[in-house]
Amino acid sequence: MTSFFNAVSAVAVLLVLTVVGYCMGKLGWMGPAEKKFLGKYIINIAVPCNCINGVLGRLDRSMLGEAGWLLLLAFGLMVLCLAAAMVLARILRIPRNRKGIFVSMCALSSCLFVGLPLGTQLFGDACIPYVMIYYLANATMIQTVGVAMIERSGTGGDLRPAAFLKDLARKPPIVTIVVCVILLLLGVKLPDVVMTSAEYISGSVSPLALIYTGYVTYELGLRNMKLERGLPTLMVMRLAVSPLVCVTLCQLSGVTGLPRSVFALESGLPVFTQGPVLAGTY
């Protein structure tokens, strides 16, 4: 029963922060200019700091080496879910400008903001290494495949390999996560002042992204909110299919116990909080 209430409490926090954003729009405290600022700040400053804090602040090289199989398992799960979502998007005839965000949200979750506190409430601090392994795979997929798909849907551009790689090299979150993984493999540690600053800024990602989402809800108008095509499917994918695929992959690969439980939890969390910001930006 305690675990149930902890889970409800974690989700309630998401709703409260979203309501704050809605009220700020209602009261006139937030407008298009503030929305644009938040989008740029979250994507170009806060998310890179989130990557630094998550990868270099909570993982070490020995942990990464020992957990290589689990990392591959997490990547495999997300690739399978992305592929399934792409097929569903075609079957459901999701509009092109929404296809990227639909597919990304079907497969990728909010690992750090929701997953870490919920995981520690359910399993204790012993789960943190497994949460961070899943986070590394999830963050990498968001900042590469997820961003590319959302941008392509929004701008209508072609996904040519050369242009795709060139574009990735110009995005701060992607550059940051690549550099962080290299530093982690080399065993290089950043100065404490850098890590502390990154930790503080990192803490603003999910709250501000949820406030942004609340403002977007106000901007659209509650009366205009409706069950868009694909939304029920997205919810089933996120809350049922993804955990089921995860448990199946763990069973087939011999992963049991705490790692399997943590991965199943992480795979069934709410969608990643940067999603609405990316959708709004592109």
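What counts, and at which threshold
- Residues numbered from 1 in each chain as written.
- Predicted model: local features only at pLDDT ≥ 70, side-chain atom pairs only at ≥ 80, totals over all residues.
- Heavy atoms only, no water.
- Helix = DSSP H or I, 4+ residues; strand = E, 2+ residues; numbered from the N terminus.
- Buried < 20%, exposed > 50% of the residue type's maximum accessible area, 1.4 Å probe, protein only.
- Contact = heavy atoms within 4.5 Å.
- Areas by Shrake-Rupley, 256 points an atom, 1.4 Å probe, with all protein chains shown as cover.
- Expected span 1.5 Å × (residues − 1).
- Bend = angle between axes of the 7 residues up to and from the residue.
- Salt bridge = Lys/Arg side-chain N within 4 Å of Asp/Glu carboxyl O.
- pLDDT = per-residue confidence, 0-100.
- Patch = residues over 30% accessible without salt bridge, like charges linked within 9 Å, V, L, I, M, F, W, Y side chains within 5 Å.
- Lys, Arg positive; Asp, Glu negative; His and termini not counted.
- Charge placed at Lys NZ, Arg CZ, Asp CG, Glu CD.
- Axes fitted to C-alpha atoms, helices over the stretch in contact; angles between N-to-C directions.
- Parallel < 35°, antiparallel > 145°, perpendicular 65-115°, else oblique.
- Left-handed = near helix turned anticlockwise from the far one by under 90°.
- Disulfide = S-S within 2.5 Å.

1. Let's talk about the overall build of the chain
Part 1 of the argument: Counting its regular elements, the chain contains 14 helices and 0 strands.
Part 2 of the argument: For the chain, buried positions account for 45% of its 282 residues.
Part 3 of the argument: Restricting the contact set of the chain to residue pairs at least 6 apart, pairs at least 24 apart contribute 87%.
Part 4 of the argument: Split by element, the accessible area of the chain, about 14200 Å² in all, is 67% carbon and sulfur.

2. Some points on unusual backbone geometry
Part 1 of the argument: Even without a glycine there, the phi angle at Arg-93 is positive, about 55 degrees.
Part 2 of the argument: As for its position among the elements, Arg-93 is in the loop between helix H4 (68-91) and helix H5 (96-107).
Part 3 of the argument: Look at Arg-93 and you get exposed, because its relative accessible area is 66%.

3. Focus: helix H2 (residues 32-56)
Part 1 of the argument: The end-to-end C-alpha separation of H2 is 35 Å, in line with the 36 Å expected for 25 residues at 1.5 Å each.
Part 2 of the argument: At Ile-42, H2 shows its maximal kink, close to 40 degrees.

4. Some points on the pattern of salt bridges
Part 1 of the argument: Counted under the stated rule, the structure contains 1 salt bridge.
Part 2 of the argument: For Glu-219, the salt bridge identified is with Lys-35, shortest N-O distance 2.8 Å. A residue pair is termed long-range when its members are at least 10 positions apart, and Glu-219 in helix H11 (residues 205-220) and Lys-35 in helix H2 qualify at 184 residues.
Part 3 of the argument: A relative accessible area of 38% places Glu-219 in the partly exposed class.

5. Considerations on the confidence of the model for the chain
Part 1 of the argument: With 90% of its residues at a pLDDT of 70 or more, the chain shows a mean pLDDT of 83.
Part 2 of the argument: Per-element averaging of pLDDT across the chain places helix H8 (residues 161-168) at the bottom with 63 and helix H12 (residues 231-253) at the top with 92.

6. Let's talk about a positive patch on the surface
Part 1 of the argument: A contiguous patch of positive charge, built from Arg-90, Arg-96, Lys-99 and Arg-152, is present on the exposed surface.
Part 2 of the argument: Following the sequence through the fold, Lys-99 ends up in helix H5.
Part 3 of the argument: Given the relative accessible area of 34%, Lys-99 is considered partly exposed.

7. Digging into the packing of H2 against helix H10 (residues 192-202)
Part 1 of the argument: Two numbers describe how H2 lies on H10: the axes approach to 8 Å, and their chain directions differ by 125 degrees. Classified by the angle their axes make, H2 and H10 are oblique. Here the hand of the crossing between H2 and H10 comes out left-handed. For the pair H2 and H10, the contacting residues are Tyr-41, Ile-45, Ala-46, Cys-49, Asn-50, Ile-52, Asn-53 and Leu-56 in the first and Met-195, Ala-198, Glu-199, Ile-201 and Ser-202 in the second.

8. Here we look at the state of the cysteines
Part 1 of the argument: Within the structure shown, the criterion is met by 0 disulfides.
Part 2 of the argument: Free cysteine: Cys-250, not disulfide-bonded; nearest cysteine sulfur from Cys-246 at 4.3 Å.
Part 3 of the argument: Judged by relative accessible area, Cys-250 falls into the buried class, the value being 0%.

9. Here's the deal with a nonpolar patch on the surface
Part 1 of the argument: A cluster of nonpolar side chains, Val-178, Ile-182, Leu-186 and Val-188, forms an exposed patch at the surface whose accessible area comes to about 340 Å².
Part 2 of the argument: By the element assignment, Ile-182 lies in helix H9 (residues 172-186).

10. Thoughts on the environment of Leu-208
Part 1 of the argument: For Leu-208, the location among the structural elements is in helix H11.
Part 2 of the argument: On the accessibility criterion, Leu-208 (22% relative accessible area) is partly exposed.
Part 3 of the argument: In this view, Leu-208 contacts Leu-38, Tyr-41 and Ile-42; residues no more than four positions away in its chain are not counted.

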